[in-house]
Amino acid sequence: MRLLVCGGAGFIGSTFVRLRLLETGDEVTVLDKLTYAGREENFRDFAEHPSFRFLRGAIEDPVAVAEAIDAGSPEAIVNFAAETHVDRSIAEPDAFVSTHALGTYVLLEAARAHGLRYVQVSTDEVYGSIEVGTFTEDSPLRPSSPYSATKTGADLLVQSYFETYGLPTVICRGSNNYGPHQYPEKLIPLMILNALHGDPLPVYGDGMQVRNWIHCTDFARAIGHVLEHGVVGEVYNAGGPDEQANIEVVKRIVELSGAEASQIEYVTDRPGHDRRYSLSSERVRALGWAPRVRFTEGLKETVEWYRENGWWWEPIRSGDYREYYERQYGRSLG
């Protein structure tokens, strides 16, 4: 299949591209504007692949999108392009509105003009928090942050293009992803790198926020499965096989990294922090997908990847990320 993958330089997007090139044999064109979290370093192992091309540009730019379509002649658009960090959405929500609302609109119009299948990559955060039980695709959408609210708006826009124009769209919502190449503002890579450097491990509130963890390769395969087998107009949840409280994740990272438990530091909780996410994946499992990586195994492998790949994260910890960290946590990295 010929694909246009938007946001393919990011964490999950580059994982998806890698699998589609190496396992499926697709021809992939990536469009990415290379924000702080979208990095060409994520292409290192497949940059010279004959079926891969990269174009730098924003999804909210119709000219850039048109050029990418002309270059790759795709049969489908898969949209990973997003601002993804809740903390940043609280401090600077304007970028989230631009990318998720305007960017999704531009891509949908392009897909409609060219008759392309369209896959929107979304998040469990559109459902809000759930104390017990699990969210299904029919659960009410109750976002609680500018990030999840703008992702919800994008999902609704996608569904409207199916209902109004008959555009062949599908939406795939994932639970909390982890794995190699994840930018270290997120919980797991943040804690791993701080642990390895002897820095404090800042845990929000009491650390008892529960997340449904899915390895990035499992979510990438779920998206590919939905692309190939999903019913147009449908939404598919892809949750991980294991739930874990944040503080338990941090304690396990301390053990795996050889850090000290005294490095754990409880900090003021962020506003509107959802307490628990949980996704039912029955609909996508019925298509033949199932997660392969259990959290215990995947977390151990992830810690080792960061330990062994300083070339990837050293430029981040020495750059603008340090300023972001100081603003967010009120202290400097060591």
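Preceding this paragraph is the structure being described.
Residues numbered from 1 in each chain as written. Predicted model: local features only at pLDDT ≥ 70, side-chain atom pairs only at ≥ 80, totals over all residues. Heavy atoms only, no water.

## Some points on the pattern of salt bridges
Throughout the structure, instances matching the rule amount to 19 salt bridges. A salt bridge links Asp45 to Arg18; its shortest N-O distance comes to 2.7 Å. Placement of Asp45 in the loop between β2 (27–32) and β3 (52–56) and of Arg18 in helix α1 (residues 11–24) is noted, with a sequence separation of 27 residues between them. Taking the shortest distance from any N to any O, the salt bridge between Arg317 and Asp199 comes out at 2.8 Å. In this pair, Arg317 is assigned in helix α11 (residues 310–317) and Asp199 in the loop between α6 (187–197) and β8 (201–204), connecting sequence segments 118 residues apart. Owing to a relative accessible area of 5%, Arg317 belongs among the buried residues under this scheme. (Salt bridge = Lys/Arg side-chain N within 4 Å of Asp/Glu carboxyl O. Helix = DSSP H or I, 4+ residues; strand = E, 2+ residues; numbered from the N terminus. Buried < 20%, exposed > 50% of the residue type's maximum accessible area, 1.4 Å probe, protein only.)

## Focus on the packing of aromatic side chains
Given two aromatic rings, their pairing is described by the distance between the two centres and the angle made by the two planes. One pass over the full model with this rule turns up 20 aromatic pairs. Centre to centre, the rings of Tyr321 and Tyr325 are 6.3 Å apart; their planes meet at 50 degrees, and the pair counts as tilted. With Tyr321 and Tyr325 both in helix α12 (residues 320–329), this residue pair falls four residues apart, about one helical turn. Per residue, the accessibility class of Tyr321 equals that of Tyr325, and both read buried. An aromatic cluster of three or more residues is present, and its members are Tyr36, Tyr183, Tyr204, Tyr321, Tyr324, Tyr325 and Tyr329. For the cation-ring pair, Arg44 lies above Trp311, with the distance from its terminal atom to the ring centre recorded as 4.0 Å. One Lys or Arg, Arg112, reaches over the ring of Tyr165 and ends 3.9 Å from the middle of that ring. (Phe/Tyr/Trp six-rings, centres within 6.5 Å; stacked < 30°, edge-to-face > 60°. Lys NZ or Arg CZ within 6 Å of the ring centre and 35° of its normal.)

## Overview of the environment of Glu163
Relative to the helices and strands, Glu163 resides in helix α5 (residues 146–165). Along the primary structure Glu163 and Gly233 are separated by 70 residues, whereas in three dimensions their C-alpha atoms are 7.7 Å apart.

## Let's talk about the pairing of strand β6 (residues 169–174)
Of all six residues in β6, six are buried, a share of seventy percent or more. Two elements, strand β5 (residues 117–123) and β6, share six bridges in a ladder whose sense is parallel. By the bridge assignment, Val121 is partnered in β6 with Cys172. A crossover links β5 with its parallel partner β6, the connecting element being α5, and its sense is right-handed. (Pairing = 2+ DSSP bridges. Right-handed = clockwise from strand over helix to strand, strands pointing away.)

## Comments concerning helix α8 (residues 246–257)
Spanning 12 residues, α8 covers 16 Å between terminal C-alpha atoms, matching the ideal 16 Å at 1.5 Å per step. Packed against the buried residues of α8 are α6, β8, β9 (210–215), β11 (242–245), β12 (264–267) and α10 (295–308). Just downstream of α8, Gly258 is the residue with a positive phi angle, here 80 degrees. (Expected span 1.5 Å × (residues − 1). Contact = heavy atoms within 4.5 Å.)

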